[in-house]
Amino acid sequence: MHHLQLNLSLLCLPAFLGTVALLFGPSSAGIEVGPPLGDAQDFAVLGGSTVTVAATGTYITGGVGTTPGTSITGFPAGATIEAPYTTHSNDAAAIAAQVSATALYTNLATTGGATVIAPELGGTTVNPGIYSFSSSANIAATTTLTLDGAGVYIFKVGSAITANVHSNVVLQNGASADQIFWQVTSAATLNGVTFSGTVVAQAAITLGVNACLFGRALTTAAGAVTMAGNNQVKLVLGPSGPGTNYCGSN
């Protein structure tokens, strides 16, 4: 009789674990695929009001668009877009991409199960998961944020994020820029040497002089994207492998 009770208990264990999974959901480290990008997939830069290149030397791999605004300035004098990509000023492609970018923002903002972490990311190592900041987030000057391990990284920023000068975001052990997402409630200021992932912000995204983004700079309808000069924005469509972001050469 005791053996029968033990066997029945073992048989019931999977059902119990399944119930726990339904109640609490998967752990953030268990997310295998990032949220869909839809028609924003092929855009490296997408603004709502404007897209501006303020100086020369910028190189962009990916589409550049704006909508509902129509202003895209600094092309081609200040920036080169790698073929076959081009600019899209409030055209059908930009409009569809903006719908997808807004859906992505909402998807990220409403994703549950986040772990609240300290606002200073410089000098830290983070594994795949969902993370949130009650207000702003920061990467201090000359410091490094290391993303360690294959999987999805979602960072939900309650206010603004600033990556200060000479800071870096380094990927290692299978971390890939196509699986990194930054949902920014206000503005993203990227002044570091390298930053990685798809950044989707409501107010603005600014790349400081010499800054490189390995991913996407997307804003919702009211946002603006500004590149100060000598920037690189490199669209990533698949696993990027280890390394710092492949910035530094076109």
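Within any chain, residue numbers begin from 1 and follow the written order of that chain's sequence. A pLDDT threshold of at least 70 governs which residues receive local features in this predicted model, and a stricter bar of 80 or more applies before side-chain atom pairs are shown or counted, although totals over entire chains, interfaces and linings include all residues. Side-chain numbers here rest on the full set of heavy atoms in the structure, without hydrogens or water.

A. Representation of the environment of Phe-181 within the structure. Helix and strand definitions follow DSSP, with helices as H or I runs of at least four residues and strands as E runs of at least two, each counted in order from the N terminus. As for its position among the elements, Phe-181 is in strand β16 (residues 180-184). In this structure the C-alpha to C-alpha distance between Phe-181 and Phe-155, which are 26 residues apart in sequence, comes to 6.2 Å. When residues no more than four places from it in sequence are discounted, the contact partners of Phe-181 are Gly-34, Pro-35, Leu-37, Leu-104, Leu-108, Val-152, Tyr-153, Ile-154, Phe-155 and Thr-198. We call two residues in contact whenever any of their non-hydrogen atoms come within 4.5 Å of each other.

B. The environment of Thr-61, seen in detail. Residue position: Thr-61 is located in strand β3 (residues 58-61). Separated by 20 residues in sequence, Thr-61 and Ile-81 have C-alpha atoms that sit 6.0 Å apart. Under the rule applied, a polar contact is a pair of N or O atoms within 3.5 Å (in protein, one hydrogen donor and one hydrogen acceptor; residues adjacent in sequence only if both atoms are side-chain atoms). In this structure the side chain of Thr-61 is engaged in a polar contact, spanning 3.4 Å, whose partner is the side chain of Glu-82.

C. Spotlight on the pairing of strand β13 (residues 153-157). Taken across its five residues, β13 has five buried, putting it largely inside the fold. Here the term buried applies to any residue with accessible area under 20% of the maximum for its type, exposed to any over 50%, and partly exposed to those in between, with areas from a 1.4 Å probe on protein chains only. Side-chain alternation along β13 places Tyr-153, Phe-155 and Val-157 on one buried face and Ile-154 and Lys-156 on a second face that is also buried. Here a strand pair is declared whenever DSSP counts at least two bridges between the two strands. As paired strands, strand β10 (residues 129-133) and β13 are joined by five bridges and run parallel to one another. Paired with Gly-129 across the bridge in β13 is Tyr-153. Here five bridges tie β13 to β16, and the two strands are oriented parallel to one another. Paired with Lys-156 across the strands is Gln-183, a residue of β16.

D. Representation of the pairing of β3. Burial along β3 is two-sided: Thr-58 and Ile-60 and Tyr-59 and Thr-61, pointing in opposite directions, are all buried. Two strands pair when backbone bridges link them, and β3 and strand β6 (residues 79-81) are joined in this way by three bridges, in the parallel orientation. By the bridge assignment, Thr-58 is partnered in β6 with Ala-79. Pairing of β3 with strand β22 (residues 232-234) involves three bridges; the strand directions are parallel. Following the sheet pairing, Tyr-59 is matched in β22 by Gln-232.

E. Region of the structure containing the side chain of Thr-198. With respect to the helices and strands, Thr-198 occurs in strand β18 (residues 194-201). You can call Thr-198 buried: its relative accessible area is 1%. Polar contacts involving the side chain of Thr-198 include one to the side chain of Arg-216, which spans 3.0 Å. The contact partners of Thr-198, leaving out residues within four places of it in the chain, are Leu-37, Leu-104, Ala-177, Ile-180, Phe-181, Trp-182, Arg-216 and Leu-218.

F. Expanded view of the sheet that holds strand β14 (residues 161-163). Across the sheet, seven strands lie side by side as β5-β2-β21-β19-β17-β14-β11; this open sheet has parallel pairing. The sheet is open, and its two edges are formed by β5 (71-73) and β11 (137-139), each paired on a single side. Looking at each pair of strands side by side, their axes are set apart by 5° on average, direction ignored. As paired strands, strand β17 (residues 187-190) and strand β19 (residues 204-207) are joined by four bridges and run parallel to one another. Residue pairing across strands places Leu-190 opposite Leu-207, the latter belonging to β19. In this analysis, axes come from line fits to C-alpha atoms, helices being fitted only over the stretch in contact, and the angle between any two N-to-C directions falls in the range 0 to 180 degrees.

G. Quick look at the nonpolar core. By size, the foremost hydrophobic cluster in this structure holds 46 residues, and its most contacted members are Phe-75, Leu-147, Trp-182, Phe-195 and Met-227. In this structure Phe-75 touches Val-51, Val-53, Ile-60, Val-64, Ile-81, Thr-87 and Met-227, once residues within four positions along its chain are discounted. As used in this record, nonpolar core signifies buried Ala, Val, Leu, Ile, Met, Phe, Trp, Tyr and Cys residues forming a set joined through side-chain atoms within 4.5 Å. In terms of nonpolar packing, the next biggest core, distinct from the first, is built from 15 residues, Ala-97, Phe-181, Val-200 and Leu-218 among them.

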